[in-house]
Amino acid sequence: MRRLELLAPAKNLTCGMAAIDHGADAVYIGADRFGARAAVGNTVDDIKTLCHHAHQYGARVYVTVNTIIYEDELEDTRQLIERLSAIGVDAILVQDMCTIGMRQAALNSVGRAPMLHASTQCDVRTVEKVSWLRSLGFSRVVLARELTLEEIRHIHQSVPDMEIEAFVHGALCVSYSGVCYASQRCFDRSANRGECAQFCRMPFDLIDANDQMIEEGRHLLSLRDLSQIDSLEELANVGVTSFKIEGRLKDVGYVKNVVSAYSQKLNELIARRPDDFRRSSLGRVDYTFTPNLSKTFNRGFTDYFLHGRHADIASFDTPKALGERVGRVKEVRADSFNVAGTASFSNGDGLCFLNDARHLEGFRVNRVVGNRLFPFKMPNGLRPGTTLYRNNDEAFNKLMNSQTARRDILVDMAFETITDGFKLRLSFDVGGGEPSVTAASTVTFAHQVAKTPQVDNIRKQLTKLGNTPYTCHDLQISAEAASLFMPSSLLSELRRKAVDALMETTLAWHEQEHKREMLGALAVESSATAKAWQPTYEKYTYLHNISNHEAAKFYADHGLAKVDMALEVDANRRDAIVMQCRHCLRYSLGHCVKHGGSAPKWREPLYIRMGDGRRFRLEFKCDKCQMNIYNER
């Protein structure tokens, strides 16, 4: 039996707690620095609060420390990792190899440390890279989003003791993560420092070597959003342990909706195959709404390369959210129009459409009368027959702002007498054949034969668990206890003490699980044969993103013959590759002969050109089925 984990993003404490409450088995969150989303950060105190909330359900908290670290930040990073270790963080996601020694120092200092997860910023796409990271003490890798099922299977079969985390939902980077320098090159904002300016969402001209225009003003690098909700079983079959939702910039409504949809899908899988899989955290979730992925931000969905290369991955017309298709315009008047379709609308809905020039136009609905909509301002390009999309559903947003789920752990309760009083025992099953988590409390009170029946009041007082993570599954009352009198106040005290004891026991159980996994990882690390260095980047070693002397020494010690510093700290490099993409414009435009396309008539090399005239050269590496983008001198 293998544990499956649904991993959710947390912009802040509120989003993190909502993710847990709606079924996430783990959340990932950034601290106030060094996470690969500079726009969001959280205090260590907030992360500590999130840890407590998650750990009572056996869920986990991972903190992103996955930027490259500059020389003057080494000590601050060391202190942060030590503080995260002390508050009970379960793992840190890292890119900079200087953090390996810092994690070991935290273990020596505070007696515990988080597990090491290799961030997707490490550009993990080969067996050799995964095997090398395992030998360094990493317990998990976040694979590149571009990999196919067969590539994931090959990695898992080759390195079976490495946990595999794979993105299943959310925005896609067109470049392999960690090897995108377009934002740094064009705007002096490093994607490896969490400051991506989203170069790939911009419009470009595509021109050939003769300056012949091939495509004009299109979003040639903008991808649809990832959705693999219908492929979870396939991913589990090839070895994926953790199913990751992208979105540390997304609001709480997005988190609730997407986490709920994927959690229910995982539960359906486990219900069909209980001997193969189980959830990695505790409890069940009751929902008060039906999740709908089309209701929250999306650019249209793709499964990307999971089942092989196909054309439906890009969104050349717009990088913005289209949302759900809600019908077609039937008839247009000066101040309103009506819609053919079954969707219902609300005042305040945001609608959009692609106009005759294939540009996205959006507007807000001011008033709704049946299927006739009165916009705040009539859009110019609206025509009969136009397909409408809704990218802001006011009714659904209001629903998401309410209480939409409750997560609880079913406990068995046993009430009985002891020599000088009463005892309440609580327990719950953690699954997988592991021992139950159990706790008990007692009160001293002289036994007195009751004059009236007590069972109903005993049940009422002992099962009041509403403000706790627990719900009574079964309460057993011994015959002797049922015949004796006990005040309601003492029954309540007995219940509170038992709940507190169970909470402490649950947190201790979670920490013991962490220590067991930590010892296992350390044992693998100490017994691992040091893997020979496998150069990931043969020509440009600056792509290893080395930005401080500790990382430089690490790579030199592990066999990297030539150590170049990262592009961010070597501004003199001008002939740099700025992107490595599996997305290929030759293929997307129907001219990849290798995949059955027609031979192109243009003269290569091709270039993409920004609105200000800056050009970037395209290189088609057909042997690797990859498109590289270079900065023009």
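Residues numbered from 1 in each chain as written. Predicted model: local features only at pLDDT ≥ 70, side-chain atom pairs only at ≥ 80, totals over all residues. Heavy atoms only, no water.

## Examining the overall build of the protein chain
To keep it simple, the criterion reads: Put simply, DSSP H or I for four residues or longer makes a helix, DSSP E for two residues or longer makes a strand, and each gets a number counted from the N terminus. C-alpha atoms define the radius of gyration in this analysis, and the globule rule sets the expected value at 2.2 Å times the number of residues to the power 0.38. The contact rule is simple, with two residues in contact once any of their heavy atoms fall within 4.5 Å. The Shrake-Rupley method, run with a 1.4 Å probe sphere, supplies the accessible areas, and residue values consider only the shown protein chains as cover.
When its secondary structure is counted, the protein chain shows 15 helices and 28 strands. Expected size for 633 residues packed as a compact globule is a radius of gyration near 26 Å; at 28 Å, the protein chain falls within 12% of this value. With respect to the three principal axes, the spread of C-alpha positions in the protein chain is 100 × 70 × 40 Å. Across the protein chain, the fraction of contacts at a sequence separation of at least 24, relative to all contacts at a separation of at least 6, is 72%. For the protein chain, the computed accessible surface area is about 26500 Å², with 47% contributed by carbon and sulfur atoms.

## Concerning the pairing of strand β11 (residues 242-245)
Heads up, the condition is: Each residue's exposure class comes from its accessible area (1.4 Å probe, protein chains only) as a fraction of the maximum for that residue type: buried when under 20%, exposed when over 50%, partly exposed otherwise. Following DSSP output, two strands are said to pair if at least two bridges run between them.
With burial as the criterion, each face of β11 is covered, one bearing S242 and K244 and the other bearing F243 and I245. Here strand β1 (residues 2-10) pairs with β11 via three bridges, running parallel. What sits directly across from L7, in β11, is K244. Pairing of strand β7 (residues 163-170) with β11 involves four bridges; the strand directions are parallel.

## What about helix α5 (residues 127-135)?
Here α5 lies mainly inside the structure; eight of its nine residues are buried. Burial in α5 covers these residues: V127, K129, V130, S131, W132, L133, R134 and S135. One or two positions beyond α5, positive phi appears at G137, with a value near 110 degrees.

## Examining the environment of T318
Selection rule: Here a polar contact means two N or O atoms within 3.5 Å. Within protein one must be a hydrogen donor candidate and the other an acceptor candidate, and residues neighboring in sequence count only if both atoms are side-chain atoms.
The topology assignment puts T318 in the loop between β14 (301-302) and β15 (324-332). The class for T318 is buried, based on a relative accessible area of 4%. Separated by 99 residues in sequence, T318 and H219 have C-alpha atoms that sit 6.4 Å apart. If we skip the residues at most four places from it in the chain, T318 touches H219, S222, L354 and L360. At 3.1 Å, the side chain of T318 forms a polar contact with the backbone nitrogen of K320.

## Re the packing of helix α1 (residues 13-21) against helix α9 (residues 252-272)
Angle between the axes and distance between the axes are the two parameters that describe a pair of packed helices. Quick note on the threshold: Throughout, an axis means a line fitted to C-alpha atoms (over the contacting stretch in the case of helices), and angles, computed between N-to-C directions, take values from 0 to 180 degrees. Convention used here: angles under 35 degrees read as roughly parallel, angles over 145 as roughly antiparallel, angles from 65 to 115 as roughly perpendicular, and any remaining angle as oblique. Whether a crossing is left-handed or right-handed is set by the direction in which the near helix is turned from the far one by less than a right angle, anticlockwise for left-handed and clockwise for right-handed.
Where α1 contacts α9, the two axes come as close as 9 Å, and the packing angle between them is 15 degrees. Judged by the angle between their axes, α1 and α9 are roughly parallel. Regarding α1 and α9, the two cross each other, and that crossing is right-handed. Across the interface between the two elements, T14, C15, A18 and A19 from α1 touch V252, V255, K256 and V259 from α9.

## Points about the side chain of S177
Tracing the backbone shows S177 in the loop between β7 and α7 (182-187). When its relative accessible area of 8% is taken as the criterion, S177 is described as buried. Once you skip the residues sitting within four places of it in the chain, S177 turns out to touch T120, Q121, D123 and R145.

## A few points about unusual backbone geometry
Here the bond from E604 into P605 is cis, since omega is 10 degrees, no more than 30 degrees from zero. Located in the positive-phi region is Y304, a residue other than glycine, with phi close to 60 degrees. Assignment of secondary structure puts Y304 in the loop between β14 and β15. For Y304, a relative accessible area of 0% translates into the label buried. Backbone geometry at R358 places phi at a positive 60 degrees, although glycine is not the residue there. Within the secondary structure, R358 sits in the loop between β17 (350-354) and β18 (360-369). Among the residues examined, R358 registers a relative accessible area of 43% and is labelled partly exposed.

## Looking at the sheet that holds strand β9 (residues 213-218)
With antiparallel pairing, the six strands of this open sheet are ordered in space as β9-β8-β26-β27-β28-β25. If you trace the sheet from one side to the other, it starts and ends with β9 and β25 (577-581), each paired once. Each strand of the sheet is rotated relative to its neighbour by a mean of 20 degrees, with strand direction disregarded. Bridge analysis of β25 against strand β28 (residues 626-631) gives four bridges, and the strand direction is antiparallel. Within β28, the position partnered with C581 by the bridge is M627.

## Some thoughts on the sheet that holds β15
Read once around its circumference, the closed barrel built from six strands follows the order β15-β16-β19-β18-β17-β20, with strand pairing classed as antiparallel. Taken over all neighbouring pairs, the strand axes of this sheet differ in orientation by 50 degrees on average, direction set aside. In this structure, β17 lies alongside β18, joined through five bridges in antiparallel fashion. Bridging across to β18, L354 finds its partner in L360.

## Quick word on the pattern of salt bridges
The test is simple: Take a side-chain nitrogen of Lys or Arg and a carboxyl oxygen of Asp or Glu: if they are within 4 Å of each other, that pair is a salt bridge.
Enumeration over the complete set of coordinates arrives at 46 salt bridges. Its salt-bridge partner being R516, residue E513 comes within 3.1 Å of it at the nearest N-O pair. Of the two residues, E513 and R516 are both situated in helix α13 (residues 488-527); the distance of three residues between them amounts to about one turn of the helix. Judged by its relative accessible area of 10%, E513 falls in the buried class. In this structure, the salt-bridge partner of D557 is K553, at a minimum N-O distance of 2.8 Å. On the criterion of helical spacing, the pair formed by D557 and K553 is a turn pair, its members being four residues apart in helix α14 (residues 549-557).

## Overview of the packing of aromatic side chains
Using the following cut-off: Aromatic rings from Phe, Tyr and Trp, with only the six-membered ring used for Trp, were paired whenever their centres fell within 6.5 Å, and each pair was classed as stacked if the ring planes differed by under 30 degrees, edge-to-face if by over 60, and tilted otherwise. Throughout this description, the term charge over a ring refers to an Arg CZ or Lys NZ atom that lies within 6 Å of the ring centre and within 35 degrees of the ring normal.
Counted by the stated rule, this structure contains 14 aromatic pairs. Through pairs of rings, three or more aromatic residues link up here, namely W132, F554 and Y555. Here R193 stacks its cationic end above the ring of Y70, 3.9 Å away from the centre of that ring. A cation sits over an aromatic face here: R614 above F187, 5.9 Å from the ring centre.

Interpretation note: all reported values are geometric properties and have no functional meaning in isolation.
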